[in-house]
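Descriptive analysis of the structure
The primary structure of each chain is shown beneath.
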There are 6 protein chains.
Amino acid sequence: EQEVREEIPGGLSLITATPEEGFQLALALARKGVTETQRDKEVLKQLRPAYAHDPDSLIAASHVVAVHFQTIAAANNYWRDNE
Amino acid sequence: EQEVREEIPGGLSLITATPEEGFQLALALARKGVTETQRDKEVLKQLRPAYAHDPDSLIAASHVVAVHFQTIAAANNYWRDNE
Amino acid sequence: EQEVREEIPGGLSLITATPEEGFQLALALARKGVTETQRDKEVLKQLRPAYAHDPDSLIAASHVVAVHFQTIAAANNYWRDNE
Amino acid sequence: EQEVREEIPGGLSLITATPEEGFQLALALARKGVTETQRDKEVLKQLRPAYAHDPDSLIAASHVVAVHFQTIAAANNYWRDNE
Amino acid sequence: EQEVREEIPGGLSLITATPEEGFQLALALARKGVTETQRDKEVLKQLRPAYAHDPDSLIAASHVVAVHFQTIAAANNYWRDNE
Amino acid sequence: EQEVREEIPGGLSLITATPEEGFQLALALARKGVTETQRDKEVLKQLRPAYAHDPDSLIAASHVVAVHFQTIAAANNYWRDNE
């Protein structure tokens with residue numbers, strides 16, 4: 001099972017080189033929203049099997065990622081300069 | 001049943017030629033939000049029948065696609081140049 | 001009961017003549033998010049009575065339409081030229 | 001109980017004179033998202049008591065109104081000219 | 001328990017002097033979305049204990065406030081002139 | 001367990017020095033949406049164990065934070081000047 005990585009290396013910035021990095025940052029921010037609300041890592045580890053095997057929880061998590069990705073994509077002007 | 005396609009060919013870019021391609025990209029990003037949270041493909045395959053036959057899960061999935069499509073549409077300036 | 005119309009005539013475009021057409025397109029995109037996830041029409045037909053008689057499912061569906069309508073309204077500059 | 005009013009007088013336009021009218025339009029669009037999905041008025045009438053007495057359904061309905069109001073407020077440039 | 005205050009003094013305007021006032025307006029609009037759907041104050045009073053003691057209902061209500069606050073913040077150009 | 005901190009020091013402003021401060025403000029606004037709806041601190045303390053040990057509640061809370069963070073990021077022009 002993937003360990004909960006909540007710390008964001010080098011301090012939080014919304015500017016990323018590529019859309020893929022932007023998506024990974026969105027995943028990290030979605031997790032950060034959880035780990036800042038429930039700081040007890042043991043509790044989080046116990047909860048992981050529950051949501052990671054529940055389709056509705058996985059869809060809800062993907063929804064939070066989508067909102068953060070929308071923010072990050074706008075911050076990076078949709079990486080239009082990469083084209 | 002449709003296999004979970006999570007890899008996005010040629011590296012992630014938000015720029016697409018048409019709205020239809022943009023919608024397909026939104027579907028792929030919604031799935032990517034799930035597959036990056038639950039990396040075990042066997043688990044995902046077992047979950048598919050559950051959500052694919054539950055109207056509320058399908059509506060929730062469509063909601064995530066709508067958020068990503070909003071991001072992609074803005075990235076492509078709503079494909080106004082196609083008109 | 002209204003048949004699931006998922007194909008969008010003439011290829012997908014976000015540009016519509018009126019807000020009403022824009023709303024109808026938003027309905028079609030909300031459905032497309034479902035039919036692209038569950039491609040089996042027989043399954044979809046069986047699911048329809050369930051969500052179409054459940055107030056929470058209908059509200060959730062209306063929510064997806066609202067997100068798509070927001071995208072389409074921005075794409076058409078809120079049909080300001082129609083005023 | 002308030003009758004489901006789904007038809008929007010004079011054809012749909014997002015431009016309104018005041019924020020209050022904008023809010024009423026958002027309510028109508030949220031209902032329209034339901035009535036266009038479930039066209040059977042008898043069914044809708046039977047469903048009303050259920051959601052109108054369920055706090056979570058009422059909050060979910062208010063959420064759909066909030067998304068439409070965001071669209072309508074942007075369409076009217078937040079009625080800044082009214083100030 | 002806090003009485004449901006749904007009427008907005010002096011007619012609805014999205015322009016406020018401070019972010020705090022903007023947040024209070026977002027709370028009022030979130031409630032207005034409920035009170036305009038369920039106009040029976042007696043029913044609303046009976047429902048209050050249910051959602052006010054349910055963490056998921058309180059989170060869902062906070063979500064509606066967040067959407068309205070996003071609209072109001074944009075309407076006030078994020079109160080940048082206040083800095 | 002982390003005490004519910006709802007008061008925002010020095011009056012509410014959306015302008016922050018860094019994305020990290022912006023994220024902390026988003027957390028505070030998500031909580032404020034709850035504490036302004038349920039003002040009884042004793043009730044809130046009793047509710048905390050319930051949502052803080054429920055993955056779906058934690059995901060829903062993270063979703064509210066994501067919406068506020070989107071607002072705050074736009075207010076700060078995505079901290080582009082920090083780059």
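A short tour of the structure in this document, coming up. (Residues numbered from 1 in each chain as written. Chains lettered and ligands numbered in written order. Predicted model: local features only at pLDDT ≥ 70, side-chain atom pairs only at ≥ 80, totals over all residues. Heavy atoms only, no water.)

In this section: the overall build of chain A. Looking only at helices and strands, chain A has 3 helices and 0 strands in total. Secondary structure elements in chain A, listed N-terminal to C-terminal, are α-α-α. When the 83 residues of chain A are sorted by exposure, 60% land in the buried category. Considering only contacts in chain A between residues 6 or more positions apart, those separated by 24 or more positions represent 69%. (Helix = DSSP H or I, 4+ residues; strand = E, 2+ residues; numbered from the N terminus. Buried < 20%, exposed > 50% of the residue type's maximum accessible area, 1.4 Å probe, protein only. Contact = heavy atoms within 4.5 Å.)

In this assembly, 32 residues from chain A lie in contact with 27 residues from chain F. Between chain A and chain F, a total of about 2500 Å² is buried, with carbon and sulfur atoms accounting for 65% of that surface. Considering only the surface of chain A that becomes buried against chain F, Leu-12, Thr-37 and Thr-71 of chain A emerge as the three largest contributors, covering 20% of it. Summed over the shared surface of chain A and chain F, the number is 1 salt bridge. Joining chain A to chain F, the criterion identifies 12 residue pairs in polar contact (both at pLDDT 80 or more). Elements that contribute at least two residues to the side of chain A that touches chain F include exactly helix H1 (19–35), helix H2 (41–52) and helix H3 (55–75) of chain A. When residues in the side of chain A that touches chain F are grouped by element, the largest group, 11 residues, is from H3 of chain A. (Buried area = accessible area lost by both parts, 1.4 Å probe. Salt bridge = Lys/Arg side-chain N within 4 Å of Asp/Glu carboxyl O. Polar contact = N/O pair within 3.5 Å; in protein donor to acceptor, adjacent residues only side chain to side chain.)

By a simple turn and slide, chain D fits onto chain E: the slide is 0.0 Å along the axis, the RMSD is 0.0 Å, and the turn is 60 degrees. Taken together, the rotation angle and the small translation identify this as a six-fold axis. Closest to the rotation axis within chain D is the C-alpha of Val-67 of chain D, separated from it by 6.9 Å. Comparing interface residues between copies, only 19% of those in chain D also lie at the interface in chain E; the contact surfaces differ. (Least-squares fit on C-alpha atoms with pLDDT ≥ 70 in both.)

Here Thr-71 of chain C is to be found in helix H3 (residues 55–75). Overall, Thr-71 of chain C belongs to the buried group, its relative accessible area being 1%. A polar atom in the side chain of Thr-71 of chain C sits 3.2 Å from the side chain of Gln-70 of chain B. With residues up to four places along the chain from it excluded, the contact list for Thr-71 of chain C reads Gln-70, Ala-73 and Tyr-78 of chain B together with Leu-14 of chain C.

With that out of the way, let us pick up unusual backbone geometry. A negative phi angle characterises most non-glycine residues, just as the trans form characterises most peptide bonds. Phi angles above zero are rare outside glycine, and Tyr-78 of chain D is one such case at about 60 degrees. Following the sequence through the fold, Tyr-78 of chain D ends up in the segment after helix H3 (55–75).

On the surface, Asp-56 of chain A, Asp-56 of chain B, Asp-56 of chain C, Asp-56 of chain D, Asp-56 of chain E together with Asp-56 of chain F cluster together into a negatively charged patch. Structurally, the position occupied by Asp-56 of chain F is in helix H3 (residues 55–75). Owing to a relative accessible area of 38%, Asp-56 of chain F belongs among the partly exposed residues under this scheme. (Patch = residues over 30% accessible without salt bridge, like charges linked within 9 Å, V, L, I, M, F, W, Y side chains within 5 Å. Areas by Shrake-Rupley, 256 points an atom, 1.4 Å probe, with all protein chains shown as cover. Lys, Arg positive; Asp, Glu negative; His and termini not counted. Charge placed at Lys NZ, Arg CZ, Asp CG, Glu CD.)

Viewed as axis vectors pointing N to C, H3 of chain C and helix H1 (residues 19–35) of chain D meet at an angle of 120 degrees, and their least axial separation amounts to 8 Å. When the axes of H3 of chain C and H1 of chain D are compared, the pair comes out oblique. H3 of chain C and H1 of chain D meet at a crossing whose hand is right-handed. For the pair H3 of chain C and H1 of chain D, the contacting residues are Leu-58, Ile-59, Ser-62 and Phe-69 of chain C in the first and Leu-29, Ala-30, Gly-33 and Val-34 of chain D in the second. Its residues assigned to classes, the contact of H3 of chain C with H1 of chain D comprises 6 nonpolar, 2 polar and no charged. (Axes fitted to C-alpha atoms, helices over the stretch in contact; angles between N-to-C directions. Parallel < 35°, antiparallel > 145°, perpendicular 65-115°, else oblique. Left-handed = near helix turned anticlockwise from the far one by under 90°. Nonpolar A, V, L, I, M, F, W, Y, C, P; charged D, E, K, R; others polar.)

Time to look at the interface of chain D and chain E. With 26 residues of chain D at the interface, the matching set in chain E holds 32 residues. Counting the surface lost from both chain D and chain E, the interface buries some 2500 Å², and carbon and sulfur atoms represent 65% of this. Three residues stand out in chain D for area buried against chain E, namely Phe-23, Ile-59 and Tyr-78 of chain D, and they jointly supply 20% of the buried area on that side. Counting across the chain D and chain E interface gives 1 salt bridge. The partner of Glu-20 of chain D in a salt bridge is Lys-32 of chain E, and the shortest N-O contact between them spans 3.0 Å. Taken together, the links from chain D to chain E amount to 12 residue pairs in polar contact (both at pLDDT 80 or more). Going through the elements one at a time, H1, helix H2 (41–52) and H3 of chain D are the ones with two or more residues in the side of chain D that touches chain E.

Another aspect to go through is the packing of aromatic side chains. Summed over all chains, the structure comprises 12 aromatic pairs over all chains. Ring centres 5.8 Å apart and planes at 25 degrees place the aromatic pair Phe-69 of chain D and Trp-79 of chain D in the stacked group. Here Phe-69 of chain D, found in helix H3, pairs with Trp-79 of chain D, found in the segment after H3; they are 10 residues apart in sequence, far enough to count as distant. In this structure, Phe-69 of chain D and Trp-79 of chain D share a single accessibility class: buried. Through a chain of ring-to-ring contacts, three or more aromatic side chains come together here, namely Phe-23, Phe-69 and Trp-79 of chain A. Above the face of the Phe-23 of chain F ring, Lys-32 of chain A is positioned so that its terminal group lies 5.3 Å from the ring centre. (Phe/Tyr/Trp six-rings, centres within 6.5 Å; stacked < 30°, edge-to-face > 60°. Lys NZ or Arg CZ within 6 Å of the ring centre and 35° of its normal.)

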